[in-house]
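Summary of structural features
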Amino acid sequence: MNRDEVIDFVYDEAWMLDEGRFHEWLDLWLPEAVYWMPLNWNQQDPLTETSLLYEDNFMLRLRIERLHGARTFSQKPKSRCNHVLNRPRIVELTEDSARVKTQMHYVETRLDEQQLLALTVTHDLKATPDGIRIAGKRVDLLNCDAAFRSIQLLP
Amino acid sequence: MSDPDLKTRLDHLIRPQQVHRDVYTSPEIYRLEMKHLFPNCWVYIGHDSQTPNKGDYITAQIGDQPLIMVRHNDDEIHVLYNRCPHKGTKIVIDRAGNTGKFFRCPYHAWSFKTNGCLLAIPLKKGYENTGLEDTEAAHGMAPVGAMKNYRGFVFARLAPEGIGFDEFFGDSLSSLDNMVDRSPVGRLNVAGAPLRFMHNCNWKMLVENQTDTCHPMVAHESSAGTAVKIWEEMDKPEGTPTPPAMEIIAPFMSPYEFFENMGIRTWPNGHGHTGVHHSIHSDYSAVPGYVEAMNEAYGPERAQQILGENRHNTVYFPNIMIKGPIQQLRNFIALGPDKTLVESWIFRLEGAPEELTARTAMYNRMINAPTSMVGHDDLEMYERAQEGLMADGLEWVNIQRLYEEDEDFTKEAVLNGTTERQMRNQFDAWKRFMLGGAA
Ligand code: FES
Ligand SMILES: [Fe+2]
């Protein structure tokens with residue numbers, strides 16, 4: 001892996017979500033990887049405190065299948081999202097792994113409502129024969145402790 | 001406080017089998033709830049493990065009233081109005097903190113003991129011979145009408161006079177007892193911050209939904225139904241254990257018969273619970289070491305009795321729900337006629353394996369988070385209902401499923417689990433406490 005590949009990967013992943021290519025997005029994940037969105041600033045413990053999300057491959061798959069379900073009433077009409085990325089900051093880089101932090105603004109909209117979230121996203125990436133894959137992703141919301149309405153897509 | 005006009009008005013809004021839509025949409029009714037209903041009831045404030053040390057406080061509210069729960073230097077909990085007796089400034093703003101030995105108002109530095117008594121005023125001389133001692137300000141921060149710390153759960157009644165704690169809750173405390181008894185040492189503590197989920201709908205819709213057993217298989221087909229489908233389609237080796245996430249989500253898709261057979265119990269004053277005989281929590285796998293710890297603490301017979309109770313949702317009127325088998329409490333905080341904040345809290349069982357807390361945390365984020373698929377299903381329904389109720393062609397919300405003539409809400413009852421009797425029970429209590437709480 002080199003810097004450019006890592007940075008391109010982070011941008012491409014955000015693009016996939018914004019374009020709603022969720023199944024393709026799921027293929028970017030290693031089977032054991034977990035998507036974590038803490039509830040607390042600097043939260044260290046994902047297990048014995050509540051998080052907003054702490055989801056393995058099965059749960060992410062469920063999330064995506066649900067988005068396409070015929071009786072998913074909260075997605076009639078569907079939500080859309082948009083990520084705006086700062087330049088990713090590479091924290092660690094080896095031949096076959098990387099940790100990269102990216103600040104993003106995430107906008108999600110449905111009907112007449114639009115919400116804006118500020119995020120710091122930490123990606124743990126691994127090189128595989130099929131290309132770069134996500135080994136773990138942590139999304140820290142700037143206002144993680146605020147009262148939200150539904151956040152239905154994937155920041 | 002019985003106001004004949006209000007009584008007539010409420011008699012028009014609440015019928016035995018239906019409720020007028022104004023009860024959910026009218027700003028005037030909401031104002032009357034704030035003025036009468038919430039102050040006359042015993043309302044949940046917080047858990048005493050949130051304020052373990054002297055001077056620790058949390059902010060809370062009953063209806064629209066800002067409050068502080070604080071631990072005084074004699075270790076007792078006090079519940080005070082969060083309002084400076086001088087010019088009204090809120091004394092504390094943080095959701096939690098420690099104030100040390102006293103509260104100090106940030107505006108003119110009047111200070112108060114942690115039981116609310118006025119401690120000092122700067123330049124006190126200026127008040128000499130002005131009759132300060134005859135004003136309400138001289139008494140310091142005002143306490144609520146009454147408070148009770150029941151096994152760690154702190155409740156308060158704002159009204160100075162009214163129904164006592166034991167009379168208000170009666171036998172419904174058995175659900176709270178069961179949740180606490182699940183700790184081998186009979187003690188819970190709060191495990192981390194609550195999820196906070198904002199709903200643009202009336203608070204009562206959320207409370208009613210806690211005993212609405214006819215919606216899961218419909219509204220949650222999108223989340224629980226999809227989960228079951230994916231799990232069944234997966235290529236699993238023979239004997240693959242059901243993962244905890246599936247144990248939690250799959251029972252939401254149980255058929256109507258399951259919910260009918262599980263039963264609903266109602267108690268006087270608007271309390272009640274689903275899951276009399278079994279519940280969606282009945283079939284969770286055992287956590288190693290837990291039953292052993294319970295047997296040790298209570299003896300096998302009593303331990304079996306405690307763990308055999310699998311109540312699903314217990315509603316404590318007016319606005320909380322607890323789930324004993326997974327130590328969870330949801331607080332439905334009314335912020336307006338069409339605005340409700342839901343706080344979902346989880347508890348750790350002292351003396352029990354930490355895996356139990358992990359399951360509770362998983363349940364909370366899977367079902368009650370603003371990012372939860374199951375939560376999305378429910379919120380969509382409440383908000384559609386709030387908008388739909390504006391339709392002028394129809395006026396009534398129907399709650400007559402399994403209605404029986406002359407239902408007597410002063411007595412405990414156990415019925416078919418799909419009855420809407422608990423909703424009727426809540427409205428019986430609602431009407432009484434709107435009018436002061438007299439029977
Ligand atoms: S308002 Fe609190 S001291 Fe003046
Ligand atoms: Fe539901």
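What counts, and at which threshold
For every chain, the first residue of the written sequence is number 1, and numbering continues from 1 onward in sequence order. Throughout, the order in which chains and ligands are written sets their labels, letters from A for the former and numbers from 1 for the latter. Two thresholds apply to this predicted model, a pLDDT of at least 70 for residue-level local features and 80 or more for giving and counting side-chain atom pairs, whereas whole-chain, interface and lining totals are computed over all residues. Hydrogens and water are ignored here; the side-chain numbers use all heavy atoms of the structure. Any N, O or S atom lying within 2.8 Å of the metal counts as a donor, with the limit raised to 3.2 Å for Na, K and Ca; because water is left out of the atom set, some sites can appear incomplete. For a four-donor site, all angles between 85 and 135 degrees give tetrahedral; for four or six donors, opposite pairs above 155 degrees with the remaining angles between 65 and 115 give square planar or octahedral; all remaining cases count as irregular. Residue exposure (1.4 Å probe, protein chains only): buried if accessible area is under 20% of the type maximum, exposed if over 50%, otherwise partly exposed. Using a grid of 1 Å spacing that covers the protein atoms alone, one calls a set of points a cavity when a 1.4 Å probe fits there but cannot get out, and a pocket when the set is open and has protein on both sides within 12 Å along at least five of seven lines; lining residues are those with an atom within 4 Å of a point. Grid points are joined across faces, edges and corners, and a volume is the space filled by probe spheres set on the points. Here a strand is any run of E in DSSP of at least two residues, a helix any run of H or I of at least four, and the numbering for each starts at the N terminus. Each residue is assigned to one of three groups, with Ala, Val, Leu, Ile, Met, Phe, Trp, Tyr, Cys and Pro labelled nonpolar, Asp, Glu, Lys and Arg labelled charged, and all others, Gly among them, labelled polar. Domain start and stop points were drawn from an automatic or database domain assignment. UniProt positions are given in the numbering used here, feature names are shortened, and annotations may be inferred rather than shown by experiment. At least two DSSP bridges between two strands are needed for those strands to be called paired. Between N-to-C directions, angles cover 0 to 180 degrees, with each direction set by a line fitted to C-alpha atoms, over the stretch in contact for helices. Only buried residues count toward a nonpolar core. Its members are Ala, Val, Leu, Ile, Met, Phe, Trp, Tyr and Cys residues joined through side-chain atoms within 4.5 Å. Residues are treated as being in contact if the distance between any of their heavy atoms lies within 4.5 Å. Two parts placed together each lose some accessible area under a 1.4 Å probe, and adding up what both lose gives the buried area. A pair is scored as a salt bridge if a Lys or Arg side-chain nitrogen falls within 4 Å of a carboxyl oxygen belonging to Asp or Glu. Throughout this description, a polar contact denotes any pair of N or O atoms lying within 3.5 Å of each other; where both atoms belong to protein, one of them has to be capable of donating a hydrogen while the other can accept it, and for residues adjacent in sequence the pair is counted only when both atoms sit in side chains. Pairing of aromatic side chains requires ring centres within 6.5 Å, counting the rings of Phe and Tyr and the six-membered ring of Trp. Pairs whose planes differ by under 30 degrees are stacked, by over 60 edge-to-face, and all others tilted. Geometrically, a lysine NZ or arginine CZ counts as sitting over a ring once it is within 6 Å of the ring centre and also within 35 degrees of the ring normal. Orientation labels follow simple angle bins: below 35 degrees gives roughly parallel, above 145 gives roughly antiparallel, 65 to 115 gives roughly perpendicular, and whatever is left gives oblique.

Considering the coordination of the iron ion (ligand 2)
Residues and elements named next belong to chain B. Bound to the iron ion (ligand 2) on the protein side are H215 (NE2), H220 (NE2), D378 (OD) and D378 (OD), at distances that span 2.1 to 2.5 Å. Taken together, the four donor atoms coordinating the iron ion (ligand 2) and their angles of 55 to 147° define a geometry best described as irregular. Written as a sequence motif, the donor residues of the iron ion (ligand 2) are H-x4-H-x157-D. One exposure class covers both H215 and H220, and it is buried.

Let's talk about the layout of surface pockets
Residues and elements named next belong to chain B. Here the largest pocket is characterised by a volume of approximately 770 Å³. The wall of the largest pocket is formed by 36 residues, among which T59, A60, R95, R196 and E343 lie closest to the centre. For the lining of the largest pocket, the secondary structure elements donating two or more residues are β2 (43–47), β3 (56–62), β4 (65–71), β6 (96–98), β13 (195–199), β18 (328–336) and β19 (339–349). Counting residues per element, the lining of the largest pocket draws most heavily on β3, at six residues. Across the lining of the largest pocket, the residue classes break down as 19 nonpolar, eleven polar and six charged. Two domains each donate at least three residues to the lining of the largest pocket, and these are domain 1 (44–148) and domain 2 (164–434).

Side note on the UniProt feature "domain: Rieske" (unreviewed entry) in chain B
UniProt annotation of "domain: Rieske" (unreviewed entry) refers to residues 42–122 of chain B when read in the numbering used here. The distance from the first to the last C-alpha atom of residues 42–122 of chain B is 37 Å, and the span holds 0% helix and 44% strand.

Describing the sheet that holds β6(B)
All names here are of chain B. In spatial order, the strands read β5-β4-β3-β6; together these four strands make up an open sheet with antiparallel pairing. In the strand order of this sheet, the two ends are held by β5 (77–81) and β6, each with one partner. Shown here is a sheet whose adjacent strand axes are inclined to one another by a mean of 30°, direction ignored.

A short note on the nonpolar core
The biggest cluster of nonpolar side chains holds 82 residues, and the ones touching the most others in it are B:L37, B:I45, B:F153, B:F155, B:L176 and B:W430. Structurally, this core is a two-domain feature, drawing no fewer than three residues from each of domain 1 (44–148) and domain 2 (164–434) of chain B. Not counting chain neighbours up to four residues away, the residues in contact with B:I45 comprise B:I58, B:A60, B:I62, B:L67, B:M69, B:V79, B:V154, B:F155 and B:A156. Counting 44 residues, the second-largest nonpolar core is a separate cluster that includes A:V10, A:L53, A:L85 and A:L119.

Comments concerning the interface of chain B and chain A
Facing the 45 residues of chain B at the interface are 35 residues of chain A. Across the chain B/chain A interface, buried area totals approximately 3300 Å², and carbon plus sulfur atoms make up 59% of it. When the buried surface of chain B facing chain A is broken down by residue, B:R365, B:T371 and B:M373 rank first, second and third, together holding 22% of it. In this assembly, chain B and chain A are joined by four salt bridges. One salt bridge connects B:E221 with A:R71, and the closest N-O pair in it is separated by 2.7 Å. If you look at where chain B meets chain A, you find 15 residue pairs in polar contact (both at pLDDT 80 or more). Residue assignment for the side of chain B that touches chain A shows that the elements contributing at least two residues are β13, α8 (221–233), α9 (244–249), β19, α13 (354–367) and α14 (373–388) of chain B.

A short note on the environment of B:D283
With respect to the element layout, B:D283 can be found in the loop between β15 (272–274) and α11 (290–298). Given a relative accessible area of 69%, B:D283 falls into the exposed group.

Digging into empty space enclosed by the protein
All names here are of chain B. Considering all chains together, one arrives at four cavities of 30 Å³ or more under this definition. Along the wall of the largest cavity there are 26 residues; nearest its centre are N209, Q210, F252, N313 and D378. Mapped by element, the contributors of at least two residues to the lining of the largest cavity are β13, α6 (203–209), β17 (320–323), α13 and α14. When residues of the lining of the largest cavity are assigned to their parent elements, the largest contribution, four residues, is made by α14. Its residues assigned to classes, the lining of the largest cavity comprises eleven nonpolar, eleven polar and four charged.

Digging into the packing of aromatic side chains
Describing an aromatic ring pair means giving the distance of the ring centres and the angle of the ring planes. If you walk through the whole model with that rule in mind, you get 23 aromatic pairs over all chains. Considering the side-chain rings of B:F169 and B:Y316, the 5.5 Å spacing of their centres and the 90° angle between planes classify their relative orientation as edge-to-face. Within this pair, whereas B:F169 is found in helix α4 (residues 165–169), its partner B:Y316 is found in strand β16 (residues 314–316), the two being separated by 147 residues in sequence. Ring pairing ties together the aromatic residues B:W42, B:Y44, B:Y150, B:F153, B:F155, B:F165, B:F168, B:F169, B:Y316, B:F317, B:F347 and B:F433, which thus form one cluster. Cation over ring: A:R138 sits above A:W36, and NZ or CZ is 4.5 Å from the ring centre. A cation sits over an aromatic face here: B:K204 above B:Y24, 5.6 Å from the ring centre.

A look at the packing of helix α3 (residues 27–40) of chain B against helix α15 (residues 421–434) of chain B
What describes two packed helices is the angle between their axes and the distance between those same axes. Residue and element names in this part refer to chain B. It is at 8 Å that the axes of α3 and α15 come closest, and there the two elements cross at 90°. Judged by the angle between their axes, α3 and α15 are roughly perpendicular. Residues I29, L32, E33, H36, L37 and N40 of α3 form the contact with α15, whose participating residues are W430, F433 and M434. By residue class, the composition of the contact of α3 with α15 is six nonpolar, two polar and one charged.

Description of the side chain of B:H376
By secondary structure assignment, the location of B:H376 is in helix α14. The exposure class assigned to B:H376 is buried, which follows from its relative accessible area of 1%. Looking at B:H376, its side chain comes within polar contact range of the main-chain oxygen of A:I151, at 3.1 Å. Ignoring anything within four residues of it in the chain, the contact list for B:H376 reads A:R63, A:R66, A:S74, A:S150, A:I151, A:Q152, B:P370 and B:T371.

So, the environment of B:M373
Following the sequence through the fold, B:M373 ends up in helix α14. Look past the residues within four positions of B:M373 in its chain and what remains in contact with it is A:E55, A:M59, A:L62, A:R63, A:R66, B:S223 and B:M366.

Some thoughts on the environment of A:L47
Tracing the backbone through its elements, the reader meets A:L47 in the loop between β1 (35–38) and β2 (51–55). For the pair A:L47 and A:H105, spaced 58 residues apart in the sequence, the C-alpha separation amounts to 27 Å. Here A:L47 is in contact with A:Y54, B:T357, B:A358 and B:A361, once residues within four sequence places are set aside.

Some thoughts on the sheet that holds strand β9 (residues 118–120) of chain B
Residues and elements named next belong to chain B. Taken together, three strands build an open sheet; the order of strands is β7-β8-β9 and the sheet is antiparallel. Two strands lie at the open edges of the sheet, namely β7 (102–104) and β9, each paired on one side alone. This sheet shows a mean twist of 35° between the axes of neighbouring strands, independent of strand direction. Sheet analysis places strand β8 (residues 111–113) next to β9, joined by two bridges and oriented antiparallel. Within β9, the residue paired with F112 across the bridge is L118.

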